[in-house]
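Overview (structure and organization)
One letter stands for each residue in the lines below.
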Amino acid sequence: MKRNPNFPFAPAKIPFFYGWICMIAGTIGIISSIPGQTMGVSVFTNYLIDSLKLSRDALSSAYLIGTVASSLFLTYAGKIYDKFGARFTAMIAALGLAVTLILFSYSDLLSGSLSNFVSIEFSTASFILISLLFFFLRFSGQGVLTLASRNLIMKWFDQRRGLANSLSSAIQSFGFAVSPLFIALLITRFNWSITYQILAVLTFLFVIFAFIFYRDNPEECGLIPDGKIIEPKHKSNPTFQTKKQYTLKEARSTWVFWLFTFGLSFNAFFITGFTFNVISIFESCGYSEQKALSVFVPASIISIISAILGNLLSDYIKMQKLLIIFLLGCLLSSLGIAILGSEIGYYVLILGNGIMGGLYSVLVAITWPRFYGRKHLGAISGLSMSLVVFSSAMAPLFFSRIFTLTGSYSIAGYAGVAYAIILLIFSIKARNPQLQ
């Protein structure tokens, strides 16, 4: 497919660097993926359980099946991104997400029709259908749309990558924090089915938005990253210089790729398990639903601060140091779940989630272009994203089964503490492969 970066207008004719528009557009793209993120799914969890006549374990299993299946295709989706660019990839992903949201809004009716058509129990039909819908939801939303939008921003900046990502991350953190309350408000004002339809309309409008404003990279528009040549800030430190453009095969042969990916995957695992079951987790400790949903707001404030500081510092310090701080946030989040029954656990959880969420946005965006270059960024980030999505798939059932067996989520928290400590030990020698 031939790209026309100068339609409907030429970025080079904009009176300021078009990368800033791409930063805003990519940020809006990531926020538009919220219905496909666990953050968006969690608010609908109890409504889906009631309407589809599924147990919490069954819904978690369907989520696992759909998400694992979607993760298997993300590396290939990254290669499609490298070939066709951000605009085409984001538009197709958003269109798929919008259609999926429409189908979700009729999932109870579709389950009834499927049940009658093949003569099976309603709950069995709803399990099959929702597993399939979760596949499309997670693949298009959490996977491809997020990948295309995030890489769009990274390709337009080099020396100013940290600054651009800091602004984007701050907006993302706020958007992700308020989205559960916004969606819950829509459900209260209308109902869960109509809310899905409203989100579908908003997502379809984004398809038009992406067509107008998305551009794959500055070079095809007659521009260069950052808008001009910037004297490197770190002349004496080769850590910040991209000397080699790694292929996917070369990147995955470096152990530091797996260390960072496992760290990012832990974030996805923990946040997904927590968010998917957030109301149940808080209720098990005696808190209300409002208390559960409001936890995201103070955490987002910390997340915004840590994202801004982390992104700005990423232009000056090694990613290894940010990884260590990130993993400490992972440890605090896990500990917060383990001791949530006590008052201090609530605040430890907020602090950990804030640090972990803020620095995740730094590591997931900046690490890959800095470590491996921009040429094969889609494929490399796609492989990492596939493992992140796979990890997120395992979490809801893991948390749900622990609660079913023990009546508490504490063991899930302590398991997270142990895992974070292991990653912290290995992170001591995490070096940029550009130095090798």
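Note that this is a predicted model, so its numbers are computed, not measured. (Residues numbered from 1 in each chain as written. Predicted model: local features only at pLDDT ≥ 70, side-chain atom pairs only at ≥ 80, totals over all residues. Heavy atoms only, no water.)

1. Considerations on the overall build of the chain
Per the secondary structure count, the chain includes 19 helices and zero strands. Relative to the 2.2 N^0.38 estimate, which gives 22 Å for 436 residues, the radius of gyration of the chain is 21 Å and therefore close to what a compact globule would have. Taken along its principal axes, the extent of the C-alpha atoms in the chain is 60 × 45 × 40 Å. Looking at the 436 residues of the chain, the share that counts as buried comes to 57%. By sequence separation, contacts in the chain at least 24 residues apart represent 86% of the contacts at least 6 residues apart. Put simply, the chain shows about 17,400 Å² of open surface, and 69% of that area lies on carbon and sulfur atoms. (Helix = DSSP H or I, 4+ residues; strand = E, 2+ residues; numbered from the N terminus. Rg over C-alpha atoms; globule rule 2.2 N^0.38 Å. Buried < 20%, exposed > 50% of the residue type's maximum accessible area, 1.4 Å probe, protein only. Contact = heavy atoms within 4.5 Å. Areas by Shrake-Rupley, 256 points an atom, 1.4 Å probe, with all protein chains shown as cover.)

2. Here's the deal with the pattern of salt bridges
Tallied over the entire structure, the rule returns four salt bridges. With its nearest N and O atoms 2.8 Å apart, the salt bridge here joins Arg401 to Asp57. Here the residue Arg401 occupies a position in helix H18 (residues 377-406), and Asp57 occupies one in helix H4 (residues 56-71), the gap between them amounting to 344 residues. Owing to a relative accessible area of 37%, Arg401 belongs among the partly exposed residues under this scheme. Note that Glu250 is salt-bridged to Lys244, the shortest N-O span being 3.6 Å. Overall, the relative accessible area of 30% leaves Glu250 in the partly exposed class. (Salt bridge = Lys/Arg side-chain N within 4 Å of Asp/Glu carboxyl O.)

3. Considerations on the side chain of Arg87
The topology assignment puts Arg87 in helix H6 (residues 86-105). Despite its burial, Arg87 remains without a salt bridge, the nearest opposite charge being carried by Glu220 at 6.7 Å. (Lys, Arg positive; Asp, Glu negative; His and termini not counted.)

4. A look at the packing of aromatic side chains
One pass over the structure, following the stated rule, counts 40 aromatic pairs. Aromatic pair Phe209 and Phe213: ring centres 5.0 Å apart, planes at 45 degrees, arrangement tilted. Note that Phe209 and Phe213 are positioned in helix H10 (residues 192-213) at a spacing of four residues, about one turn of the helix. Phe213 gets classed as partly exposed once you look at its relative accessible area, which sits at 26%. Their ring planes at 45 degrees and their centres at 5.1 Å tell us that Phe257 and Trp368 sit as a pair that is tilted. Of this pair, Phe257 sits in helix H12 (residues 255-276) while Trp368 is found in helix H17 (residues 343-372), placing the two residues 111 residues apart along the sequence. In this pair, the class of Phe257 matches that of Trp368, namely buried. What links up through ring pairs into an aromatic cluster is the set Phe266, Phe269, Phe270, Phe274, Phe282, Tyr346, Tyr347, Phe398, Phe399, Phe403, Tyr409 and Tyr419. (Phe/Tyr/Trp six-rings, centres within 6.5 Å; stacked < 30°, edge-to-face > 60°.)

5. Considering the packing of helix H5 (residues 74-84) against H18
At their nearest, the axes of H5 and H18 sit 7 Å apart, and the two run at 155 degrees to each other. Accordingly, the angle class assigned to the pair H5 and H18 is roughly antiparallel. Remark: the crossing between H5 and H18 carries right-handed chirality. Together, Leu74, Thr75, Gly78, Lys79, Tyr81 and Asp82 of H5 and Leu377, Gly378, Ala379, Gly382, Leu383, Met385, Ser386 and Val389 of H18 make up the contact between the two elements. Of the residues in the contact of H5 with H18, the class split is seven nonpolar, five polar and two charged. (Axes fitted to C-alpha atoms, helices over the stretch in contact; angles between N-to-C directions. Parallel < 35°, antiparallel > 145°, perpendicular 65-115°, else oblique. Left-handed = near helix turned anticlockwise from the far one by under 90°. Nonpolar A, V, L, I, M, F, W, Y, C, P; charged D, E, K, R; others polar.)

6. Overview of H18
With 30 residues, H18 ought to run about 44 Å at 1.5 Å a step, and its terminal C-alpha atoms sit 43 Å apart, in line with that. Once H18 ends, the next one or two residues include Gly407, with phi positive near 75 degrees. (Expected span 1.5 Å × (residues − 1).)

7. Things to note about the confidence of the model for the chain
In the predicted model, the chain carries a mean pLDDT of 87, and 96% of its residues have values of at least 70. Across residues 235-239, confidence stays below pLDDT 50; counting only partners more than four residues off in sequence or on other chains, it has seven contacts. (pLDDT = per-residue confidence, 0-100.)

8. Observations concerning unusual backbone geometry
The peptide bond linking Phe7 to Pro8 adopts the cis configuration, its omega dihedral lying at 5 degrees. Positionally, Pro8 belongs in the segment before helix H1 (19-32). Of note in this structure, Lys53 is not a glycine but carries a positive phi near 55 degrees. For Lys53, the position within the fold is in the loop between helix H3 (45-52) and H4.

9. Examining the side chain of Ser140
Along the chain, Ser140 falls in helix H8 (residues 122-155). Polar side-chain contacts of Ser140 include one of 2.6 Å to the backbone oxygen of Phe136. Among residues more than four places away in sequence, those in contact with Ser140 are Ala93, Gly96, Leu97 and Leu145. (Polar contact = N/O pair within 3.5 Å; in protein donor to acceptor, adjacent residues only side chain to side chain.)

10. A look at helix H7 (residues 107-118)
Its 12 residues give H7 an end-to-end C-alpha distance of 16 Å, which sits within 8% of 16 Å, the value for a rise of 1.5 Å per residue. Along H7, the residues that are buried comprise Ser107, Ser111, Gly112 and Ser115. End-on, the buried residues of H7 take up no more than an arc of 140 degrees, which puts them together on one face. Residues of H7 that are exposed and angled more than 90 degrees away from the buried face: Leu109, Asn116 and Phe117. Next to the buried residues of H7 lie H3, H6, H8 and H10. Following H7 by one or two positions, Ser119 adopts a phi angle in the positive range, close to 55 degrees. (Arc of directions from axis to C-beta.)

11. Examining the environment of Ile425
Looking at the element boundaries, Ile425 is found in helix H19 (residues 410-426). Given a relative accessible area of 55%, Ile425 falls into the exposed group. Along the chain, Ile425 and Ile324 lie 101 residues apart, while their C-alpha atoms are 9.3 Å from each other.

12. Here's the deal with the environment of Phe390
Among the structural elements, Phe390 can be located in helix H18. Discounting chain neighbours no more than four positions away, the residues touching Phe390 are Val68 and Ser71.

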